[in-house]
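Close look at the chain arrangement
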Amino acid sequence: MYAHRTVFLVVCLLLSMSFGVPAEEQGGVAPNLVVNPTFKDFYTSWHRWAPSGVPADGFKADNRAGADDNFSVYMQGFDKSACLYQRVEATPGAKYRLRFKYRTAMKEGTAQVSLRFQVDKEILPQLWYQTDEAKWTQAPIIKGQTDKWESCELEIKVPEDKKIKYVVPMFAVGKQAPDDKFYVDAVEFYVIK
Ligand SMILES: [Ca+2]
């Protein structure tokens, strides 16, 4: 009797593990490595950058119709460039996937979304790091107008390079007209098993 109950419990456990998650993530959903991925706390935990002379108030927030909850953020009117990113500690040999939603209303501007590497300030005079073996990846250039939220995803593998400290999902815009807007939301960044 005991043996039967044990078998039944094990079967239940196996069934509950097999359904509801994508095959690659069976045995545990990969945790999202980005903090504040839904932008419900607006820009908390995100780095914002724009070249000097460009008003940084082009980093705006919307609390009406995000992709996953009410909140999203957008970059507007950056005629040179601007970017939004978050640093995640890199594990050598690991492969990462970025998934996000975007919406755009741009006449002139473009958006580039990339996965990049950074080192520590103490190791090199600059943080950004790219070599033949440690190449960044970039999604196709985004421009024009979308009627609704669109999905995009890209991947990167961290090479065995001790200098690499962070892997960085980055959302950048350039050459925007004053009314051009690029919205980002629902960011997922995780290790692929
Ligand atoms: Ca959101």
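Rules used in this analysis
Residues numbered from 1 in each chain as written. Predicted model: local features only at pLDDT ≥ 70, side-chain atom pairs only at ≥ 80, totals over all residues. Helix = DSSP H or I, 4+ residues; strand = E, 2+ residues; numbered from the N terminus. Buried ≥ 20, exposed ≤ 12 C-beta atoms within 10 Å, placed from the backbone. Contact = placed C-beta atoms within 7 Å. Core = buried A, V, L, I, M, F, W, Y, C linked by C-beta atoms within 7 Å. pLDDT = per-residue confidence, 0-100.

Within the protein chain one finds 1 helix and 12 strands. Listing the helices and strands of the protein chain from first to last along the sequence gives α-β-β-β-β-β-β-β-β-β-β-β-β. Taking all 193 residues of the protein chain together, 25% fall into the buried category. Long-range contacts, defined here as pairs at least 24 residues apart, represent 78% of the contacts in the protein chain between residues at least 6 apart.

Membership of the largest hydrophobic core comes to 33 residues, with the highest contact counts inside it found for Met75, Val167, Phe171, Phe182 and Val184. Of all the secondary structure elements, the ones that give two or more residues to this core are β3 (72-76), β4 (81-85), β6 (95-118), β11 (166-174) and β12 (181-191). Broken down by element, the residue count for this core peaks at 9 residues, all from β6. Among all residues touching Val167, those that are not within four sequence positions of it are Val88, Ala90, Tyr96, Leu115, Phe117, Ile156 and Val158.

Moving on to unusual backbone geometry. Even without glycine at this site, Phe39 takes up a positive phi of about 65°. Within the fold, Phe39 resides in the loop between α1 (2-18) and β1 (47-49). Despite not being glycine, Ser45 has its phi angle at roughly 75°, a positive value. Turning to its location among the elements, Ser45 is positioned in the loop between α1 and β1.

Here we take up the confidence of the model for the protein chain. For the protein chain, mean pLDDT is 86; residues scoring 70 or higher make up 82% of the total. The low-confidence segment residues 6-26, where pLDDT is below 50, has 9 contacts with residues more than four positions distant or belonging to other chains.

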